[in-house]
Amino acid sequence: MRQYMEEEVVERLGNPETQREAFAQVVSELNEKLYWQIRRMVLNHDDANDVLQNTFMKAWININSFRGDSKISTWIYKISVNECITFLNKQKSLNNISLDDTDSYLLQTMKADEYFDGDELDEKLQKAILTLPEKQRLVFTMKYQDEIKYEEMSEILGTSVGALKASYHHAVKKIQEILVSDI
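Model, not experiment: these values are computed from the prediction.

(A) Quick look at the overall build of the chain. Check the secondary structure of the chain and you find nine helices and zero strands. In sequence order, the chain lays out its α and β elements as α-α-α-α-α-α-α-α-α. The buried share of the chain, taken over its 183 residues, is 44%. In the chain, once contacts between residues fewer than 6 apart in sequence are set aside, the share between residues at least 24 apart is 58%. If you sum the accessible surface of the chain, you get close to 10,500 Å²; carbon and sulfur atoms cover 49% of it.

Below you can see the structure in the form of structure tokens.
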């Protein structure tokens, strides 16, 4: 497969003759990174795979509406964030979960996942992350775990860089307080 060059891939996505191959290259390039970003939000391997599939299907269906105003990866990340939120909201409603019980439901889901091999410290960190409001959790995972720059996050989430920095700062403080109080 060809080396991934953003500009070239975007150009090939616009050509019906090369669109499929170019999209396959995008999927190959983003698959693992997106999987982990989604997994950190939904916490379960099978659910993460489902959300990842939905993300790529939605991107493929809407590929002709990609205008090139941002990087293709940013556009697909935005789709994946929306798919995660949709999935989590659907899970809450399907399982009759109140807002107060969401954290414990997600934690149980994570612990029941056969692919979860986290130790006690990892579990404590996940518990702490789950206490964050959804937006702070998203910002924290994107910055801390996925190492996405604030500028790119701003494009994905449609939020100012300053607000994202503040959200991340508050999230870190809350997580630190929880982890310190557990010691």
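(B) Focus on helix H7 (residues 134–145). Between its first and last C-alpha atoms H7 spans 15 Å; for twelve residues at 1.5 Å apiece the expected length is 16 Å, and the two agree. Every buried residue of H7 is accounted for by Gln136, Arg137, Leu138, Val139, Phe140, Thr141 and Met142. Just downstream of H7 lies Glu147, where phi reads positive at about 55°.

(C) Fine view of the nonpolar core. Counting residues in hydrophobic clusters, the biggest one holds 45 residues, and the most contacted among them are Ile72, Ile76 and Leu157. For Ile76, the contacting residues outside a window of four places in its chain are Val26, Leu30, Leu34, Thr55, Phe56 and Ala59.

(D) Geometry of unusual backbone geometry. At Leu43, a position not held by glycine, the phi torsion is positive, near 70°. Examined against the element boundaries, Leu43 turns out to sit in the loop between helix H2 (19–42) and helix H3 (45–61).

(E) Structural view of the packing of aromatic side chains. Under the defined criterion, the tally for this structure stands at seven aromatic pairs. Members of the aromatic cluster, each reached through a chain of ring pairs, are Phe140, Tyr144, Tyr150 and Tyr168.

About the cut-offs
- Residues numbered from 1 in each chain as written.
- Predicted model: local features only at pLDDT ≥ 70, side-chain atom pairs only at ≥ 80, totals over all residues.
- Heavy atoms only, no water.
- Helix = DSSP H or I, 4+ residues; strand = E, 2+ residues; numbered from the N terminus.
- Buried < 20%, exposed > 50% of the residue type's maximum accessible area, 1.4 Å probe, protein only.
- Contact = heavy atoms within 4.5 Å.
- Areas by Shrake-Rupley, 256 points an atom, 1.4 Å probe, with all protein chains shown as cover.
- Expected span 1.5 Å × (residues − 1).
- Core = buried A, V, L, I, M, F, W, Y, C linked by side-chain atoms within 4.5 Å.
- Phe/Tyr/Trp six-rings, centres within 6.5 Å; stacked < 30°, edge-to-face > 60°.

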